[in-house]
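Structural characterization, general
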Amino acid sequence: LAQDKPKDHTDGPAAAYEPSMTTLGQIQVEIPGRKADDPVMTQEEFQRGTQIYFERCAGCHGVLRKGATGKPLTPDITRENGYDYLQSFITYGSPAGMPNWGTSGELSEADVDLMARYLLLEPPAPPEFGMPEMRASWKVLVEPSARPTEKMNDIDIDNLMSVTLRDAGQIALIDGGTYEIKAVIDTGYAVHISRISASGRYLFVIGRDAKVVMIDLWMETPAPVAEIRIGSEARSIETSKFEGFEDKYAIAGAYWPPQYVIMDGDTLEPLKIVSTRGNIYDEQIYHPEPRVASILASHFKPEFIVNVKETGKILMVDYSDLKNLKTTEIEAERFLHDGGLDSTHRYFMVAANARGKIAVVDTKEGKLTALVETGGATPHPGRGANFTHPVYGPVWATSHLGDESVALLGTDPEGHADQAWKIVDSFYALGGGSLFIKTHPNSQHLYVDAPLNPDAEISASVAVFDIAAMGGDPNVDPEFTTLPIGEWAGIADGQPRVVQPEFNKDGSEIWFSVWNGKEKESAIVVVDDKTLELKTVIKDPRLVTPTGKFNVYNTRNDVY
Ligand code: DHE
């Protein structure tokens, strides 16, 4: 069997245009992965395209480009649409949520051209990442026996904020009482979230590069004690919270390879890797890249709630016996993303964002309770917001990425059975492009951000609703106050977006990130929850691109 050497893409444009065919008797065979009319692309360009795709596009469209929050971009589709269409889409974006990479200046004209050509080619599949790779990356920096046996600092740990410094690949630990930066710690590339162990001692941070860093908050100066990589792309991390299992396990979910891993809660030693590849819940068609989105720990059972995006399955993973792992697989809806618990912690609500729905799971019974259409486009709750509505009783709220609406879901099947698991009210906030919504049991306010709104003023502001003034007439929208958080930050340069409201421990203050470009000044703005007046602006050269903030007490106890 004589087979031509595959064409070297660096052979020059003319060579690259030639079809890569080989002759096998009378049959013409195409070399896999290379099509006759593939665009010219050198190896360097392909490498750069892969890097840009990974950093900017994979989160929404998937590594294999099968689509989720973003549309599918497999070559059958991109070739149908053609180069010009892709080039203009990447340049100008779309109102449905595709960023305007070209006109915003985030990608140069040359890179937009490169990406339009890159998308016409087959996507490369990154390598798998199994136990040998994980163990090779795993480091225990301070053995458990060498760690303090009691808290060695005078930090009020419960009121500490772990602040993501996205583009610095760091987190800042800021004292919620004094606003002092207690430590800045190196973590992974494009840090995504922080979560806290049940005892409140250990802080876990995960980066987009799937690096997990475990920080001991009892040390004189809190510092990493263990780290590991669990894949090449990831977003979620959580720890075991059920009684008797506090601090015992950590779990991280990967986008690539599609899998989750359960680790030892003291050392991050990887114990169990479970692939999430499998069939889509309803069509029963195999999907090669069902990514792990949010993970929450149940308070009712020794279980992790693992949300698998593309197959639409919610996995209740029983961690009480890892050798005989029991998993309840709940059929929910495709494109599961983020979510949180209700105020009793029994029910879990997760957005199937590209389907416009919220799936509700009873964590006590391990069953799907309801699948509710929110009426808005692309619900994006973060962990959501729980409060008692003056008319409808206990509700959980989500805002939307695709429009300006806020939807309230009744969460009290006992006291308000008629309203349970229904959208009881829906009203407008500032505008589309909202990512997070927040309140606190001690607050009478509901805060809604809009960082991805194309209007600079809206994306730098926050809407605040007075919960007590919310009425029962669905035809009358509650009024809101607009807080000009970006303006309060007093940043002259750039176009900062205001993102992710987070309360301090007692719910008296709410913090906002004023998220600017990497080279520009950013800030944290702290607002008094009662008066809605500016309390303080935290600025420091070390506060580079702050996004998420996680109060230790509220995060570990699921207070939101
Ligand atoms: Fe996030 C939570 C995925 C873009 C800031 N983000 C989450 C969770 C997931 C996720 C699955 C839930 C984790 C959990 O609870 O276990 N995020 C994704 C994406 O796939 C997406 C859309 C695109 C991407 O390429 O990453 C994306 N996220 C963003 C951003 O652009 C934000 C604003 C800044 C950033 O860091 O990239 C951002 N995501 C956050 C924050 C949370 C989060 C702050 C935690 C919110 C909370 O209150 O718990």
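The protein chain goes by Nitrite reductase in an unreviewed UniProt entry, where it is assigned to Albidovulum sediminis.

Looking now at the packing of aromatic side chains. By the definition in use, this model includes 12 aromatic pairs. Residues Y179 and W511 carry aromatic rings whose centres are separated by 6.0 Å and whose planes lie at 55° to one another, so their mutual orientation is tilted. Residue Y179 is found in the loop between strand 5 (170–175) and strand 6 (181–186), and its partner W511 is found in strand 34 (residues 509–515); the two are separated by 332 residues along the sequence. We note that Y179, like W511, is buried. Put simply, the rings of F245, Y249, F304 and Y319 touch in pairs and so form one group of aromatic residues.

Let's shift gears to the site of the ligand. Taken together, 22 residues lie near the ligand, and H192, R208, R235, Y255 and R383 sit nearest. Taking R208, its side chain carries an N or O atom lying 2.8 Å from an oxygen atom of the ligand. In terms of residue count, the dominant contributor to the shell around the ligand is strand 7 (residues 191–196) (4 residues). Here the shell around the ligand is composed, by residue class, of 9 nonpolar, 8 polar and 5 charged.

Here we have 4 strands laid out as an open sheet, ordered 21-22-23-24, and antiparallel in their pairing. Each edge of the open sheet is held by one strand with a lone partner, namely strand 21 (336–341) and strand 24 (367–373). The average undirected angle you get between the axes of adjacent strands in this sheet is 25°. When strand 21 meets strand 22 (residues 347–352), the two strands line up antiparallel, connected through 4 bridges. Counterpart to L341 in the pairing with strand 22 is F348.

On to the pattern of salt bridges, then. Counted according to the given criterion, the structure contains 26 salt bridges. Residue R56 pairs with E106 through a salt bridge whose shortest N-O separation is 3.2 Å. Pair noted here: R56 is in helix 2 (residues 43–61) and E106 is in the loop between helix 4 (83–92) and helix 5 (109–118), with a separation of 50 residues, a long-range link. Salt bridges sharing common partners tie together E45, D113 and R117.

One open sheet holds the 4 strands; their spatial order is 25-26-27-28, and the pairing between them is antiparallel. Taken across any chain shown, the strands that pair with only one partner, and hence form the sheet edges, are strand 25 (385–389) and strand 28 (423–428). Put simply, the sheet's adjacent strands are angled 30° from each other on average, direction ignored. Pairing geometry for strand 26 (residues 393–399) and strand 27 (residues 405–410), over 5 bridges, is antiparallel.

Turning our eyes to something else, we now look at helix 2. Here helix 2 spans only 23 Å end to end across 19 residues, well under the 27 Å set by a 1.5 Å rise per residue. At F54, helix 2 is bent by approximately 50°, the largest bend along its length. The set of residues buried in helix 2 consists of G49, I52, Y53, C57, A58, G59 and H61. On its buried face, helix 2 sits against helix 5, strand 11 (233–239) and strand 12 (249–256). Positive phi appears at G62, one or two residues downstream of helix 2, with a value of about 90°.

A separate point is the packing of helix 4 against helix 5. It is the contact of helix 4 with helix 5, at a shortest axis distance of 9 Å, that shows an interaxial angle of 135°. By the angle between their directions, the pair helix 4 and helix 5 is classed as oblique. As helix 4 packs across helix 5, the resulting crossing turns out to be right-handed. Listed contacts from helix 5 to Y83, L86, Q87, I90 and T91 of helix 4 are V112, D113, M115, A116 and R117. A class-by-class count of the residues in the contact of helix 4 with helix 5 yields 6 nonpolar, 2 polar and 2 charged.

Definitions and cut-offs
- Residues numbered from 1 in each chain as written.
- Predicted model: local features only at pLDDT ≥ 70, side-chain atom pairs only at ≥ 80, totals over all residues.
- Heavy atoms only, no water.
- Phe/Tyr/Trp six-rings, centres within 6.5 Å; stacked < 30°, edge-to-face > 60°.
- Helix = DSSP H or I, 4+ residues; strand = E, 2+ residues; numbered from the N terminus.
- Buried < 20%, exposed > 50% of the residue type's maximum accessible area, 1.4 Å probe, protein only.
- Near = heavy atom within 4 Å.
- Polar contact = N/O pair within 3.5 Å; in protein donor to acceptor, adjacent residues only side chain to side chain.
- Nonpolar A, V, L, I, M, F, W, Y, C, P; charged D, E, K, R; others polar.
- Pairing = 2+ DSSP bridges.
- Axes fitted to C-alpha atoms, helices over the stretch in contact; angles between N-to-C directions.
- Salt bridge = Lys/Arg side-chain N within 4 Å of Asp/Glu carboxyl O.
- Expected span 1.5 Å × (residues − 1).
- Bend = angle between axes of the 7 residues up to and from the residue.
- Contact = heavy atoms within 4.5 Å.
- Parallel < 35°, antiparallel > 145°, perpendicular 65-115°, else oblique.
- Left-handed = near helix turned anticlockwise from the far one by under 90°.

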